[in-house]
Amino acid sequence: MAGPAPGRRLRLRPLAALALLLALAPGLPAARAGQAPRPAERGPPVRLFTEEELARYGGEEEDQPIYMAVKGVVFDVTSGKEFYGRGAPYNALTGKDSTRGVAKMSLDPADLTHDTVSQTGLTAEELKSLDDVFTTVYKAKYPIVGYTARRILNEDGSPNLDFKPEDQPHFDIKDEF
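Attention in this report is confined to the structure presented alongside it. Note that the structure is predicted; figures quoted are calculated from it, not measured. (Residues numbered from 1 in each chain as written. Predicted model: local features only at pLDDT ≥ 70, side-chain atom pairs only at ≥ 80, totals over all residues. Heavy atoms only, no water.)

1. Comments concerning the pairing of strand 3 (residues 73–76)
Neither face of strand 3 is open: one carries Val73 and Phe75, the other Val74 and Asp76, and all of them are buried. Pairing of strand 2 (residues 67–70) with strand 3 involves four bridges; the strand directions are antiparallel. Of the residues in strand 3, the one forming a bridge with Ala69 is Val74. (Buried < 20%, exposed > 50% of the residue type's maximum accessible area, 1.4 Å probe, protein only. Helix = DSSP H or I, 4+ residues; strand = E, 2+ residues; numbered from the N terminus. Pairing = 2+ DSSP bridges.)

The structure is reproduced here in C-alpha cells:
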C-alpha cells in the first residue's frame, strides 16, 4: 500500500485501534456464540481507501470496478457504467471523494473534493441536496465497498470516535476483519 504524499500527516498505523472501534460500534449486528454467520449476499468486503487507492478506480480501466465516494463512503458505481464509465457524463466524479461536487451539482474540477467547508462552504440548500442525493441515489442504488481514510481517521492518524458505518443491508463488520 502506498503511503500518504510527502508532507501529509495522515497515518494508517492505528488500524488496530480502528478495528477495535468498529468492532465495538453500536448498532452493528453482532455474531453470537454458536450462531452461524450470515451468507455473503454481495460483492467485495467493506474496506478503508486512501486517496491514492481510490484514484485507481476512476473508470479508466475496462476490467476494473468504478468507485466514487460521497461523504467519505465509497460506492461501487460500476452498474451505472453508462453514467460513470470512461467518457460518460459523470466520470469526473469517480476515483475520488466528490462530496462538494454532488452537493453543488457541479462537475467543476475545483468542486470535486471531499471539502464542504473551505472556499465558500455550502449553503443550507446544497447541504440538503447532498443528504437527499446521498440517501436516495447512492445508498439506495449502489453497494458500499468502503470508507475513505479521511472519514475514519483524524488528521493525526488517530481513530475518529464519531465514525458510524452506514446502515445498509450489505454491510457486515465481520467482512472487514
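On we go.
2. Some details on the packing of aromatic side chains
Per the stated rule, a full pass over the model turns up eight aromatic pairs. Geometrically, the ring pair formed by Tyr57 and Tyr67 is stacked, given 4.5 Å between the ring centres and 25 degrees between the ring planes. Linking Tyr57 in the loop between helix 2 (51–55) and strand 2 with Tyr67 in strand 2, this pair joins segments that are ten residues apart in sequence. With relative accessibility at 6%, the residue Tyr67 sits in the buried group. Ring geometry for Tyr84 versus Tyr90: centroids 6.2 Å apart, planes at 40 degrees, classification tilted. The exposure class of Tyr84 is buried, given its relative accessible area of 5%. What links up through ring pairs into an aromatic cluster is the set Phe75, Tyr84, Tyr90, Phe134, Tyr138 and Tyr142. Here the basic side chain of Arg47 rests over the ring of Phe49, its NZ or CZ set 4.1 Å away from the ring centre. A cation over a ring is seen here: Lys71 above Phe134, with NZ or CZ 4.5 Å from the ring centre. (Phe/Tyr/Trp six-rings, centres within 6.5 Å; stacked < 30°, edge-to-face > 60°. Lys NZ or Arg CZ within 6 Å of the ring centre and 35° of its normal.)

3. Things to note about unusual backbone geometry
Phi is positive for Lys71, which is not a glycine, with a value near 55 degrees. Considering the arrangement of structural elements, one finds Lys71 in the loop between strand 2 and strand 3. Located in the positive-phi region is Met105, a residue other than glycine, with phi close to 55 degrees. Residue Met105 is classed as exposed on the basis of its relative accessible area, which comes to 57%.

4. Details of the sheet that holds strand 3
Adjacent strands of a sheet pair through backbone hydrogen bonds, lying either parallel or antiparallel. One open sheet accounts for four strands, arranged 1-4-3-2; its pairing is mixed. At either end of the open sheet lies a strand with only one pairing partner, and these are strand 1 (47–49) and strand 2. Neighbour-to-neighbour, the strand axes of the sheet open up by a mean angle of 35 degrees, direction not taken into account. (Axes fitted to C-alpha atoms, helices over the stretch in contact; angles between N-to-C directions.)

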